[in-house]
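# Examining the three-dimensional arrangement
Spelled out from the first residue to the last, the chains are:
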Amino acid sequence: QAMAPLHPVAVQCQEAQLVVTVHRDLFGTGRLVRAVDLSLGSASCLPLSQSPAESTVTFVAGLHECGSTLQVTPDSLIYKTSLSYRPPPSGNVVIVRTNPVVVPIECHYPRKSNVSSNAVQPTWAPFRSTLSAEERLMFSLRLMNDDWSTERLSNGFQLGESLHLQADVASEGHVPLRLFVDDCVATLSPDRNSSPRYAFIDRSGCLVDGRADDTTSAFISPRVRQETLQFVVDAFKFSGDTRNLIYVTCHLKVSPADQAPNPQNKACSFNKASSLWAPVEGTGDICSCCETGNCP
């Protein structure tokens, strides 16, 4: 409220703190209260300034300080505290000339918009914030048409055809991310650890199926966007098994887009023309472990 005799307490809800200004003519009678009789919150925080000559008293406190409480609603974060006036007992035990006062204070912040126009780049992230961010990541793995334009309606293939697989991540409100396929395993049951099993992507992003002599399996380079990774795998079936249904289980992961690919985060294909492993992005040395098998 505006500073006036009828509104003697003014509150500014700032980005990380609140500022409470109290007019010492608290009751509008012309009799000024003492600054030492005023406190903020259940922790009884003292004012920032207590000059007897000043007509106002100012409190400055962080949103989580002075015993404030936080209420979370679907739309708002509400920080609650109170201003207390506790006058000392008068010399006459029979009568009193003033009453104690508790003024409730609330600061409301919207949950669905930024409180600052600047980008937030914390140097650390609490576990709760990290978990919330992870829960917002939506991973997908889809069979695509040969031109990658739409999802493939049929999941049936003939030997000699190629599977066009596209991995994506949707990260609303997150820092820019780059998607990787850590490994992909084919099995005859939904259990990725069942036998027989064939790992056609392994070793933290090596498309090992492309190393075989009779295949053209490879990652598509360059990417269409950092959150997408496309790769082609020649169709196959398990030797000696008459079943035609194969389950594919892939482990997808992300890293910050501004972090250079490394042996842990890579997408490497085998180039038969040069007989070398080549990454979709990054330097060639990050793929060296695809050949040695000594990957992190």
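Residues numbered from 1 in each chain as written. Predicted model: local features only at pLDDT ≥ 70, side-chain atom pairs only at ≥ 80, totals over all residues. Heavy atoms only, no water.

Bringing the state of the cysteines into the picture now. By the definition in use, this model includes six disulfides. The residue that forms a disulfide with Cys45 is Cys66, at a sulfur-sulfur distance of 2.2 Å. With the S-S bond torsion at -115 degrees, the cross-link from Cys45 to Cys66 turns out left-handed. Residue Cys45 is located in the loop between strand 3 (38-40) and strand 4 (56-62), and its partner Cys66 is located in the loop between strand 4 and strand 5 (69-72); the two are separated by 21 residues in the primary sequence. (Disulfide = S-S within 2.5 Å. Helix = DSSP H or I, 4+ residues; strand = E, 2+ residues; numbered from the N terminus.)

Take the confidence of the model for the protein chain next. Looking at the protein chain, pLDDT values average 86 and 85% of them are 70 or higher. When mean pLDDT is taken per element in the protein chain, strand 12 (residues 218-219) scores highest with 98 and helix 1 (residues 127-135) scores lowest with 51. (pLDDT = per-residue confidence, 0-100.)

Another point: the pairing of strand 4. Taking burial as the measure, the seven residues of strand 4 include five buried ones, the bulk of the element. Across seven bridges, the pairing between strand 2 (residues 17-23) and strand 4 is antiparallel. Each residue of the ladder has a partner; that of Val19, found in strand 4, is Val60. (Buried < 20%, exposed > 50% of the residue type's maximum accessible area, 1.4 Å probe, protein only. Pairing = 2+ DSSP bridges.)

With respect to the helices and strands, Gln230 occurs in strand 13 (residues 228-234). A polar contact of 2.8 Å, which involves the side chain of Gln230, links it to the side chain of Gln166. In contact with Gln230, not counting residues within four places along its chain, are Trp148, Leu165, Gln166, Phe219, Ile220 and Val224. (Polar contact = N/O pair within 3.5 Å; in protein donor to acceptor, adjacent residues only side chain to side chain. Contact = heavy atoms within 4.5 Å.)

This paragraph deals with the side chain of Asn262. Relative to the elements of secondary structure, Asn262 occurs in the loop between strand 14 (247-256) and strand 15 (268-271). What makes Asn262 buried here is its relative accessible area of 18%. A polar atom in the side chain of Asn262 sits 2.9 Å from the backbone nitrogen of Gln264. A polar atom in the side chain of Asn262 sits 2.8 Å from the backbone nitrogen of Asn265.

Here we come to the sheet that holds strand 11 (residues 197-201). With antiparallel pairing, three strands are arranged side by side in an open sheet as 11-10-14. For this open sheet the edge positions go to strand 11 and strand 14, each flanked by a neighbour on one side alone. Put simply, the sheet's adjacent strands are angled 20 degrees from each other on average, direction ignored. Note that strand 10 (residues 177-187) and strand 14 share 10 bridges and pair antiparallel. Residue pairing across strands places Thr187 opposite Tyr247, the latter belonging to strand 14. (Axes fitted to C-alpha atoms, helices over the stretch in contact; angles between N-to-C directions.)

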